[in-house]
Amino acid sequence: MNLHADKAESSPRRSFVKASLFFIGGLINTVIAVPLLGFAILPALRNKPRKFVVLGIVDLLKGSRYKKVNYTFQSKDGWVKTNKKRSVYVTDTGNGNFVVFSRVCSHLNCLVRWEESKRQFLCPCHGGVFDEEGDVVEGPPPKALERLPVKVEDGVLYVKET
Amino acid sequence: MKRKIVEFFEERIPLRSIEEHMKKPLPRHINWMFSLGAMALFLLVLQAATGAFLAIYYSPSPDHAYNSLTYIRNEVPFGNFIRGLHHWGASALVIVVFLHLLRVVIYDSYKAPRELTWLVGVLLLLVVLGFGFTGYLLPWDQKAYWATVVGAKIASTVPIIGDAVGKILRGGEEVGAVTLARFYAIHTIWLPWIVFGLVGLHLLLVRHLGSSGLPKNSPEDMDTGKPFYPNQLFEDGVAILILFSVLVAMALVVPVPTEEIADPTDASYDPRPEWYFLFLFQLLKYFEGPLEVFGTFVIPTVAILLLFLVPFLSRKERLPIRKRPVALTITSLSVLSLVSLTILGIRSPKLNSTATAAPETEQTEAPSSAGTEVFDFRLEEGD
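Figured I'd write up the structure that's included with this text.

Scoring rules and cut-offs
Once a new chain begins, its residue numbering starts again from 1 and follows that chain's sequence as written. Chain letters start at A and ligand numbers start at 1, both assigned in the order the entries are written. Where totals are concerned, whole chains, interfaces and linings use all residues; where local detail is concerned, this predicted model gives features only for residues with pLDDT of at least 70, and gives and counts side-chain atom pairs only at 80 or more. Working from all heavy atoms in the structure, the side-chain values ignore hydrogens and water. In this text, helices come from DSSP runs of H or I with a minimum length of four residues, and strands from runs of E with a minimum of two, each type numbered from the N-terminal end. A 1.4 Å probe rolled over the protein chains alone gives each residue an accessible area, and that area as a share of the maximum for its type sets the label: buried under 20%, exposed over 50%, partly exposed in between. In this analysis, two residues are considered to be in contact whenever any of their non-hydrogen atoms come within 4.5 Å of each other. A pair of strands is labelled paired if DSSP reports no fewer than 2 bridges between them. Throughout this description, the term nonpolar core refers to a set of buried Ala, Val, Leu, Ile, Met, Phe, Trp, Tyr and Cys residues connected via side-chain atoms within 4.5 Å. A simple way to read buried area is as the amount of 1.4 Å-probe accessible surface that goes missing from two parts once joined, with both sides added. One side-chain nitrogen of Lys or Arg within 4 Å of one carboxyl oxygen of Asp or Glu is enough to make a salt bridge. Whenever a nitrogen or oxygen atom comes within 3.5 Å of another N or O atom, the pair is scored as a polar contact, on the condition that within protein one atom can donate a hydrogen and the other can accept it, and that pairs from neighbouring residues in sequence are kept only if both atoms are in side chains. Basically, the charged four are Asp, Glu, Lys and Arg, the nonpolar ten are Ala, Val, Leu, Ile, Met, Phe, Trp, Tyr, Cys and Pro, and anything else, Gly included, counts as polar. The axes used here are C-alpha line fits, helices contributing only the stretch in contact, and every angle between their N-to-C directions lies in the interval 0 to 180 degrees. Angular relationships are summarised with four words: roughly parallel below 35 degrees, roughly antiparallel beyond 145, roughly perpendicular across 65 to 115, and oblique for the angles in between. Helix crossings fall into two classes, left-handed where the near helix is turned counterclockwise from the far one by less than a right angle and right-handed where it is turned clockwise. Ring pairs shown here join Phe, Tyr and Trp side chains whose ring centres sit within 6.5 Å, with only the six-membered ring taken for Trp; geometry is labelled stacked below 30 degrees between planes, edge-to-face above 60, and tilted in between. Placement of a charge over a ring requires the Lys NZ or Arg CZ to be within 6 Å of the ring centre, with the centre-to-atom vector within 35 degrees of the ring normal. Pairs of cysteine sulfur atoms within 2.5 Å are identified as disulfides in what follows. The span expected for a helix works out to 1.5 Å for each residue beyond the first.

As for the overall build of chain B
Scanning chain B from N- to C-terminus turns up 14 helices and zero strands. What you see in chain B, going N to C, is helices and strands ordered as α-α-α-α-α-α-α-α-α-α-α-α-α-α. For chain B, the C-alpha atoms occupy an extent of roughly 85 × 60 × 40 Å along the three principal directions. Within chain B, buried positions represent 44% of all 383 residues. Sequence-distant contacts in chain B: of pairs separated by 6 or more residues, those separated by 24 or more amount to 80%.

What to know about the pairing of strand E10 (residues 156–160) of chain A
All names here are of chain A. The buried count for E10 comes to four of five residues, which makes it a mostly enclosed element. Strand direction decides the pairing type here: strand E1 (residues 52–57) and E10, joined by five bridges, are antiparallel. Bridge pairing in E10 places isoleucine 57 opposite valine 156. Here four bridges tie strand E9 (residues 150–153) to E10, and the two strands are oriented antiparallel to one another. By the bridge assignment for E10, valine 152 is matched with leucine 157. Where E9 hands over to E10, the hairpin turn is made up of two residues, of which aspartate 154 adopts a positive phi near 50°.

Here's the deal with the nonpolar core
Residue and element names in this part refer to chain B. Counting 67 residues, the largest nonpolar core has Leu43 and Trp140 as the members making the most contacts within it. The set of elements that each furnish at least two residues to this core consists of helix H3 (36–57), helix H4 (65–74), helix H5 (79–106), helix H6 (115–135), helix H7 (142–156), helix H9 (177–209) and helix H10 (228–253). If near-sequence neighbours (up to four positions away) are discounted, tryptophan 140 is found in contact with Pro62, Ala65, Tyr66, Tyr145, Val175, Gly176, Leu180, Ile261 and Ala262.

Here's the deal with the interface of chain A and chain B
Between chain A and chain B, the contact holds 62 residues from the first and 59 residues from the second. On the chain A side of the contact with chain B, Leu108, Arg113 and His126 of chain A bury the most area, a combined 13% of that side's loss. Along the contact surface separating chain A from chain B lie five salt bridges. Between glutamate 174 of chain B and arginine 86 of chain A there is a salt bridge, with its nearest N and O atoms 2.8 Å apart. Here chain A is connected to chain B by 14 residue pairs in polar contact (both at pLDDT 80 or more). Mapped onto the side of chain A that touches chain B, the elements with two or more residues apiece are helix H1 (12–45), E1, helix H2 (58–61), strand E2 (67–77), strand E3 (80–94) and strand E5 (113–115) of chain A. Ranked by residue count, the leading element in the side of chain A that touches chain B is E2 of chain A, at 10 residues. When its residues are assigned to classes, the side of chain A that touches chain B shows 28 nonpolar, 16 polar and 18 charged.

Observations regarding the packing of H3 of chain B against H9 of chain B
All names here are of chain B. It is the contact of H3 with H9, at a shortest axis distance of 12 Å, that shows an interaxial angle of 155°. Of the possible angle classes, the one that applies to H3 and H9 is roughly antiparallel. Of the two possible hands of crossing, H3 and H9 adopt the one that is left-handed. On H9, the residues that touch Leu41, Leu44 and Ala55 of H3 are Tyr184, Val195, Val199 and Leu203.

A word on the side chain of threonine 117 of chain B
If you trace the backbone, threonine 117 of chain B turns up in helix H6. Here threonine 117 of chain B is in contact with His202, Leu205, Val206 and Leu209 of chain B, once residues within four sequence places are set aside.

With respect to the packing of aromatic side chains
According to the stated counting rule, one finds 22 aromatic pairs over all chains in the structure shown. Between tyrosine 66 of chain A and phenylalanine 121 of chain A, the ring centres sit 5.8 Å apart and the planes meet at 70°, which makes this aromatic pair edge-to-face. Within this pair, whereas tyrosine 66 of chain A is found in the loop between H2 and E2, its partner phenylalanine 121 of chain A is found in strand E6 (residues 120–122), the two being separated by 55 residues in sequence. With respect to burial, tyrosine 66 of chain A and phenylalanine 121 of chain A carry one shared label: buried. In this structure an aromatic cluster arises from ring pairing among Phe133, Tyr136, Phe183, Trp275, Tyr276 and Phe277 of chain B. Geometry around tyrosine 158 of chain A places lysine 151 of chain A over its ring, the cationic atom sitting 5.6 Å from the centre. In this arrangement the basic side chain of arginine 12 of chain B is found over the ring face of phenylalanine 8 of chain B, its NZ or CZ atom lying 3.8 Å from the centre.

Let's talk about the state of the cysteines
All names here are of chain A. The tally for this structure, following the rule as stated, stands at one disulfide over all chains. At a sulfur-sulfur separation of 2.0 Å, the disulfide partner of cysteine 110 is cysteine 125. Across the S-S bond of cysteine 110 and cysteine 125 the torsion is about -85°, and the bridge reads as left-handed. Taken together, the residues cysteine 110 in the loop between strand E4 (97–102) and E5 and cysteine 125 in the loop between E6 and strand E7 (129–130) connect sequence positions 15 residues apart. For cysteine 105, which is in no disulfide, the shortest distance to another cysteine sulfur is to cysteine 123 and amounts to 3.8 Å. The class of cysteine 105 is buried, set by a relative accessible area of 2%.

Observations regarding the packing of H4 of chain B against H5 of chain B
When two helices pack together, their arrangement is captured by the angle between the axes and the distance separating the axes. All names here are of chain B. Interaxial distance between H4 and H5 falls to 6 Å at its minimum, and their mutual angle equals 115°. With respect to H5, the axis of H4 lies roughly perpendicular. Between H4, through Leu69, Ile72 and Arg73, and H5, the contact on the second element is made entirely by Gly79, Asn80 and Arg83.

What about the sheet that holds E4 of chain A?
Remark on secondary structure: sheet strands pair via backbone hydrogen bonds, oriented parallel or antiparallel. All names here are of chain A. The antiparallel open sheet is built from three strands, whose spatial order is E2-E3-E4. At either margin of the open sheet sits one strand with a lone partner, and together these are E2 and E4. Neighbouring strand axes in the sheet, compared pairwise and without regard to direction, differ in orientation by 40° on average. Across 11 bridges, E2 lies against E3 in antiparallel orientation. Pairing of valine 69 across the sheet is with valine 88, part of E3.

Some details on H3 of chain B
Since one α-helical turn is 3.6 residues long, residues separated by three or four positions face the same way. All names here are of chain B. Taking 1.5 Å as the rise per residue, H3 with 22 residues should run 32 Å; its terminal C-alpha atoms sit 32 Å apart, in good agreement. All of the buried residues in H3 are Leu36, Met39, Ala40, Leu43, Leu44, Leu46, Gln47, Thr50 and Leu54. On the buried face of H3, the contacting elements are H4, H5, H9 and H10.

Below you can see the structure in the form of structure tokens.
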């Protein structure tokens, strides 16, 4: 066998060898890249169903006005079963109805604080200000504070998981 | 004996050729600013070394990260020192890389044929900032947690694909165990490999094209300066020694700022990023409502793209900075904006100092408001 038989740059054998080389490289890369990307990305894109979780006992929240309530609920964070901590502002609007404001600023997710003297929610990061209805007064936030869906059952106030 | 050893290696490794490469003369009139690249390389190696050792004790999980760092600081011999070097080394790296970039601009070194060197350099700058962003989540303290919450939300504001980008960055809908694990992987495996490749390419290009020298250098000046080894390397060594001494002093004397463990419900914490991201923090305040995306996405993206394009925007011959009015203006304005935004960011008023804390305390003490912390029943998540 003569190894130097196909010296010409454009010989069919040379073209075949080049094409095969790219094919082998492309094949190996594709077969490994697709699962790797799926491995890294797909779990992150899963949407978790949101359930109602216990926020507190209605009797103890009666008359609340922009009361900061911290609560925890069990949830899974990847492979960890954990007690997630959340913080909201609860207002009793009478007749067993409650408004629950999420404290997550609609700008970049810092936690807003209720400022009683100004009757406003203030964001500690980029200066967002919301009024008592949760609407934007000034600063960068693009939309109002989120009001979390709530329900009352058997004297317990539930809030939609966030 | 020594001769025999040298001969043994000479027959197997191209020592002579390596020696020639090392002794290649540099352009004339090179000054200390040409040591900034070597200083950056030194800092990268220092970060790699201290980081590799910190990883021995560090545990990348929300339950253990903070405590593993407390252990490193308080119980591991030299723990504080090594952590300090890594912490202050990161800040020094950002500064040195930025100064290195400025030097290249001032001496017009990015012009043909060194465009690719510049492109790789800009990539390295971005990787260094990526190291910073992924690195300071790892202590899992308040600063770490909130900077990442905000950073991931910034990514989420990218038009169309933003939501997916944010989720991919976090590994889900919120910052948690999955986020910490992937930031750790990116910080300690992905970025180091990327940096290794990019630095190799950067050095290869620098060596292949030769040092750019100064705009005033004549063609004859280009290879009649001092040899790289030992003269230039000695000057690099002196610069590195000064830098290293400052870092050692800081690691010994200035405690690394330590914060409380990350708490997603803490009412009193005013989130602020690391100082080298404060300019962005401040910038974000100026874009309200629907304009938000300009601060989070448009301006940073355009700035980075322009940075990449710099060598292709001007095709003229190399000139000293004082003869390039446009470049001088843009550079001065950019540096001025970065510095002023950073200063404004540092001085940015905190909510903590206002009366906010008082009413909250009152509310907690009001009779109707026994917080739900007292109730201990929890919804079990059905698996």
